[in-house]
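Structure at a glance
So the chains spell out like this:
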Amino acid sequence: MSTFGDIHEVGPDLATLPGFVAAGRLSPEVDWHGSWERVAGAARALLDRLIAGKAVLDVERLA
């Protein structure tokens, strides 16, 4: 038996997410969006319940 995310390959789990969104089982609402460099602020906002939705961190590709 496994739970969501408890596998070695993430592909099958990631492929499941759009179906969850379509079925209303996963809310993709984003309430905070910022740079990866602001991860501490995002984490604090989530832990302090200052945001109701998800936090999205942008990770820039290094050249």
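Data block above holds the structure.
The numbering scheme is per chain: residues are counted from 1 as the chain's sequence reads. Only residues with pLDDT of 70 or above have their local features reported here, since the model is predicted, and side-chain atom pairs are shown and tallied only from 80 upward, although totals for entire chains, interfaces and linings are computed over all residues. Side-chain measures here rest on the full set of heavy atoms in the structure, leaving out hydrogens and waters.

Concerning the overall build of the protein
- Runs of E in the DSSP output that reach at least two residues are strands. Runs of H or I that reach at least four are helices, and both are numbered from the N terminus. Across its full length, the protein holds two helices and two strands.
- For the exposure calls, accessible area comes from a 1.4 Å probe over protein chains only, and a residue counts as buried if that area is under 20% of its type's maximum, exposed if over 50%, partly exposed in between. For the protein, the proportion of its 63 residues judged to be buried stands at 11%.

Some thoughts on the pattern of salt bridges
- The salt bridge definition used is simple: a Lys or Arg side-chain nitrogen within 4 Å of an Asp or Glu carboxyl oxygen. Tallied over the entire structure, the rule returns one salt bridge.
- The partner of Arg44 in a salt bridge is Asp48, with the nearest N and O atoms 3.2 Å apart.
- Under the relative-accessibility criterion, Arg44 is labelled partly exposed at 46%.
- The exposure class assigned to Asp48 is partly exposed, which follows from its relative accessible area of 39%.

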